[in-house]
Amino acid sequence: MRRPLIALTIALSVFLGACAASTAPGWTYAPPTPTPSVTPAPSGEPSAAPSEAPASGAPSAAPSDGGAAGGATIDISALGIQFEQQDASAPADASFVIRFDNKDAGTPHNVEIKDAGGQVMFKGDIFSGPAVKDYQVAALAAGTYQFVCTVHPNMIGTLKVGG
């Protein structure tokens, strides 16, 4: 009678210890993945960085008032630590708004746009979900760009700008 009680006590202690230690992290880390090549459309002129970049050379992320200042609105959302849209389109040579819906509760995400050479053309503020934020993006030259989450570099999509 005494041995089963001791075995039960030990099993219960191990189980309770494991349960007490299992707390989910507030965010996760994913190792970087190789950057696919991005090719801008031939225009005869090199792409220029957005004019809204601060003097430090780092792009800015100014939230908009819902798209009034920049023509088109592009919807991008994150759920399950991935973008729900793998492809998006935006007009060339015109500012636009990215309406970013972070559906991952308690998980930080953002949207960053990179050109063919890997230069950051736009970087949106990081924020935890669930929440929606509008990013005002300066005009980009026609071409194919990559959008990523800087917190989770495995979250990647393609942004086609122009025709």
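These remarks concern the structure in this document. Since the structure is predicted, the reported quantities are computational estimates derived from the model, not experimental observations.

Things to note about the nonpolar core
Phase 1: In this structure, Phe96, Ile98, Phe100, Ile113, Leu140 and Leu159 are the most contacted members of the largest nonpolar core, which totals 24 residues.
Phase 2: Mapped onto this core, the elements with two or more residues apiece are strand S2 (73–78), strand S3 (87–90), strand S4 (96–102), strand S7 (120–123), strand S9 (131–137), strand S10 (143–148) and strand S11 (156–161).
Phase 3: The residues contacting phenylalanine 100, other than those within four sequence positions of it, are Ile76, Ser77, Ala78, Phe83, His109, Asn110, Val111, Phe127, Ala131, Val132, Lys133 and Tyr135.

Thoughts on the side chain of histidine 109
Phase 1: By the secondary structure assignment, histidine 109 is in strand S5 (residues 108–109).
Phase 2: One polar contact links histidine 109 to histidine 152, side chain to side chain, over a distance of 3.2 Å.
Phase 3: Other than its neighbours up to four places away in sequence, histidine 109 contacts Ala78, Ile81, Phe100, Asn102, Asp104, Asp125, Ile126, Phe127, Cys149, His152 and Met155.

Some points on the pattern of salt bridges
Phase 1: Throughout the structure, instances matching the rule amount to 3 salt bridges.
Phase 2: Close ionic contact of aspartate 134 with arginine 99 constitutes a salt bridge, the shortest N to O distance being 2.8 Å. Note that aspartate 134 is positioned in strand S9 and arginine 99 in strand S4, a separation of 35 residues in sequence.
Phase 3: Overall, the relative accessible area of 11% leaves aspartate 134 in the buried class.
Phase 4: Judged by its relative accessible area of 29%, arginine 99 is partly exposed.
Phase 5: With its nearest N and O atoms 3.8 Å apart, the salt bridge here joins glutamate 112 to lysine 114.

Remarks on the packing of aromatic side chains
Phase 1: Across all of its chains, the model carries 5 aromatic pairs by this definition.
Phase 2: Summarising the aromatic geometry, the rings of phenylalanine 83 and phenylalanine 147 are spaced 5.0 Å apart at their centres and angled 65° between planes, so their arrangement reads as edge-to-face. Of this pair, phenylalanine 83 sits in the loop between S2 and S3 while phenylalanine 147 sits in strand S10, and the two are 64 residues apart along the sequence. Across the pair, phenylalanine 147 and phenylalanine 83 agree in class, each one buried.
Phase 3: Measuring from centroid to centroid gives 6.3 Å for phenylalanine 100 and tyrosine 135, while their planes differ by 20°, and the two rings are stacked. Of this pair, phenylalanine 100 sits in strand S4 while tyrosine 135 sits in strand S9; the two residues are 35 residues apart in sequence, bridging distant segments of the chain.
Phase 4: The exposure class assigned to phenylalanine 100 is buried, which follows from its relative accessible area of 0%.
Phase 5: Classification of tyrosine 135 as buried rests on a relative accessible area of 0%.
Phase 6: One aromatic cluster in this structure is built from Phe83, Phe100, Phe122, Phe127, Tyr135 and Phe147.

Notes on the pairing of S7
Phase 1: Across 3 bridges, strand S6 (residues 112–114) lies against S7 in antiparallel orientation. Bridged to lysine 114 within S7 is valine 120.
Phase 2: Linking two consecutive strands that pair antiparallel, namely S6 and S7, is a turn of 5 residues; a positive phi of about 85° is found at glycine 118 within it.

Structural notes on unusual backbone geometry
Phase 1: Glycine 129 connects to proline 130 through a cis peptide bond whose omega is -5°.
Phase 2: With respect to the helices, strands and loops of the structure, proline 130 is situated in the loop between strand S8 (127–128) and S9.
Phase 3: In this model, isoleucine 81 sits at a positive phi of 55°, which is unusual for a non-glycine residue.
Phase 4: Relative to the helices and strands, isoleucine 81 resides in the loop between S2 and S3.

What counts as what
- Residues numbered from 1 in each chain as written.
- Predicted model: local features only at pLDDT ≥ 70, side-chain atom pairs only at ≥ 80, totals over all residues.
- Heavy atoms only, no water.
- Core = buried A, V, L, I, M, F, W, Y, C linked by side-chain atoms within 4.5 Å.
- Buried < 20%, exposed > 50% of the residue type's maximum accessible area, 1.4 Å probe, protein only.
- Helix = DSSP H or I, 4+ residues; strand = E, 2+ residues; numbered from the N terminus.
- Contact = heavy atoms within 4.5 Å.
- Polar contact = N/O pair within 3.5 Å; in protein donor to acceptor, adjacent residues only side chain to side chain.
- Salt bridge = Lys/Arg side-chain N within 4 Å of Asp/Glu carboxyl O.
- Phe/Tyr/Trp six-rings, centres within 6.5 Å; stacked < 30°, edge-to-face > 60°.
- Pairing = 2+ DSSP bridges.

Geometry only, nothing functional implied.
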